[in-house]
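Residue-level listing of the chains:
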Amino acid sequence: MDWGMKNRMSQLFREDGHCFFLPIDHGYFQGPTSCLEKPGETIAPLLPWCDALFVTRGVLRSAVSPVESKPIILRVSGGSSVIGEDLANEGITTSIEEVLRLNAAAVGVSIFVGSDYEYESLMNLAELVNSCEDFGIPVMAVTAVGKELQKQEVRYLALSCRIAAEFGARVVKTYWCKNFDKVVEGCPVPVVMAGGPKCETALEVLQFVHDGMQRGAVGVNLGRNVWQNPHPVAMMRALYAVIHEEATIKEAHKIFNSVKKSG
Ligand code: 5RP
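Fair warning: this is a prediction, and the values are worked out from it, not measured in the lab.

### Thoughts on the site of the ligand
Point 1. Near the ligand you find 13 residues, and of these Pro23, Ala194, Gly195, Gly223 and Arg224 are the closest.
Point 2. When the residues that make up the shell around the ligand are grouped by side-chain class, the tally is five nonpolar, six polar and two charged.

As structure tokens, then:
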């Protein structure tokens, strides 16, 4: 691995090999998402606990300070919206020159395996890997399911993750599922868990994140389950403990309750 690639990968992962990415890219297909209407205000108290931000160039320029920023994973795919025909119909939205100009530590692209746009989304990934590898920029593949949430099961996710890695993704982001170790075992690059729609309780979030970490995930890319929680800082702090401090579910939940009380 060349110096630039190594340097960028080390911006994403701590010395423990784990990561806590904070995604705020949701607006790129669903507009002003609840609690993310003003992304700059949402992330201000959360930044100290995350390792990188997952964001589009538009929100990066308008809402993230270039002086005190965390490493940036730039969302570079898009082209469909929640009110359009098919969320899977995406292209690459951001040139390699722009990725370099914004000094991104990595880029993220969605793939929709098994959808009507499987081929197009996999070619998006392939072409992005081709251009990014030339400049030492890691590509994170996002195994997306569009509106078909039933696809969040082990055989489908293992298939998608493996394909993403075969195409050259340096990191793969996917949903947690039961038997998550099967997803990790079949994927030769680090696997990060996404959150999905908000869980009922903080405890449920801590439980699935803890389970995924025990089964080999390297970390999370968790959005709505953090910033849509009424106590987002407490959520960040508790998740940080699971990801970087080997906290048990009980210990992390205690942290959540104590930060919640103090804030
Ligand atoms: C949206 C994304 C998000 O980054 C991903 O879904 C994680 O966010 P959440 O935890 O809210 O699901 O890729 O396209």
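### Observations regarding helix 7 (residues 154-166)
Point 1. The terminal C-alpha atoms of helix 7, which comprises 13 residues, lie 18 Å apart, in line with the 18 Å expected from a rise of 1.5 Å per residue.
Point 2. Within helix 7 the residues assigned to the buried category are Tyr156, Leu157, Ala158, Ser160, Cys161 and Ala164.
Point 3. Against strand 6 (106-111), helix 6 (118-134), strand 7 (139-143), strand 8 (171-175), helix 8 (180-185) and strand 9 (191-194) lie the buried residues of helix 7.
Point 4. Gly168 sits one or two residues past helix 7 and shows a positive phi near 110 degrees.

### A word on the sheet that holds strand 3 (residues 72-75)
Point 1. As summarised here, the arrangement of the eight strands in space is 1-2-3-6-7-8-9-10, forming a closed barrel in which the pairing is parallel. Along the sheet, successive strands turn relative to each other by an average axial angle of 25 degrees, direction set aside.
Point 2. Sheet topology note: the strand 9/strand 10 (residues 219-221) ladder contains three bridges and is parallel. Residue pairing in the sheet places Val192 in a bridge with Gly219 of strand 10.
Point 3. Taken strand by strand, helix 6 contacts strand 6 and strand 7, and its axis lies near 165 degrees from that of strand 6.

### Structural notes on the environment of Leu36
Point 1. For Leu36, the position within the fold is in the loop between helix 2 (27-30) and helix 3 (39-43).
Point 2. Along the sequence, Leu36 and Ile24 sit twelve residues apart, while their C-alpha atoms lie 7.3 Å from each other.
Point 3. The residues touching Leu36, leaving out its near neighbours within four places in the chain, are Ile24, His26, Gly27, Thr42 and Trp227.

### Re the pairing of strand 3
Point 1. What you see with strand 3 is no split at all: Ile72 and Leu74 on one side and Ile73 and Arg75 on the other are buried throughout.
Point 2. Where strand 2 (residues 52-55) meets strand 3, three bridges bridge the pair, whose relative direction is parallel. In the sheet register, Val55 faces strand 3, and the bridge partner there is Leu74.
Point 3. Once the chain exits strand 2 it traverses helix 4 (residues 57-63) before rejoining the sheet at strand 3, and the crossover so formed is right-handed.
Point 4. As defined by bridge partners, strand 3 adjoins strand 6 across three bridges and the pair is classed as parallel. When the bridges of strand 6 are listed, Arg75 appears paired with Gly108.

### Here we look at helix 9 (residues 202-214)
Point 1. Along its 13 residues, helix 9 runs 18 Å from first to last C-alpha, staying within 8% of the 18 Å computed at 1.5 Å per residue.
Point 2. Buried within helix 9 are the following residues: Ala202, Val205, Leu206, Phe208, Val209, His210, Gly212 and Met213.
Point 3. Next to the buried residues of helix 9 lie helix 8, strand 9, strand 10, helix 10 (224-227), helix 11 (232-244) and helix 12 (249-262).
Point 4. Among the residues trailing helix 9, Gly216 stands out with phi positive, at a value near 110 degrees.

### Quick notes on the packing of helix 9 against helix 12
Point 1. Across the interface, helix 9 lies against helix 12 with an axial gap of 10 Å and an inter-helix angle of 140 degrees. The two elements helix 9 and helix 12 cross, and the hand of that crossing is right-handed. Residue-level contacts link Ala202, Leu203, Leu206, Gln207 and His210 of helix 9 to Ile249, Ala252, His253 and Phe256 of helix 12.
Point 2. Residues belonging to the contact of helix 9 with helix 12 are distributed by class as follows: six nonpolar, three polar and no charged.

### Observations concerning the packing of helix 11 against helix 12
Point 1. Between helix 11 and helix 12, the shortest axis-to-axis distance is 8 Å and the interhelical angle comes to 155 degrees. Considering the angle they form, helix 11 stands roughly antiparallel to helix 12. Read as a crossing pair, helix 11 and helix 12 show a hand that is right-handed. Counting all contacts with helix 11, which are made through Val233, Ala234, Met235, Arg237, Ala238, Ala241 and Val242, the residues of helix 12 involved are Glu251, Ala252, His253, Ile255, Phe256, Val259 and Lys260.
Point 2. Its residues placed into classes, the contact of helix 11 with helix 12 shows ten nonpolar, one polar and three charged.

Rules of the game
Residues numbered from 1 in each chain as written. Predicted model: local features only at pLDDT ≥ 70, side-chain atom pairs only at ≥ 80, totals over all residues. Near = placed C-beta within 6 Å. Nonpolar A, V, L, I, M, F, W, Y, C, P; charged D, E, K, R; others polar. Helix = DSSP H or I, 4+ residues; strand = E, 2+ residues; numbered from the N terminus. Expected span 1.5 Å × (residues − 1). Buried ≥ 20, exposed ≤ 12 C-beta atoms within 10 Å, placed from the backbone. Contact = placed C-beta atoms within 7 Å. Pairing = 2+ DSSP bridges. Axes fitted to C-alpha atoms, helices over the stretch in contact; angles between N-to-C directions. Right-handed = clockwise from strand over helix to strand, strands pointing away. Left-handed = near helix turned anticlockwise from the far one by under 90°. Parallel < 35°, antiparallel > 145°, perpendicular 65-115°, else oblique.

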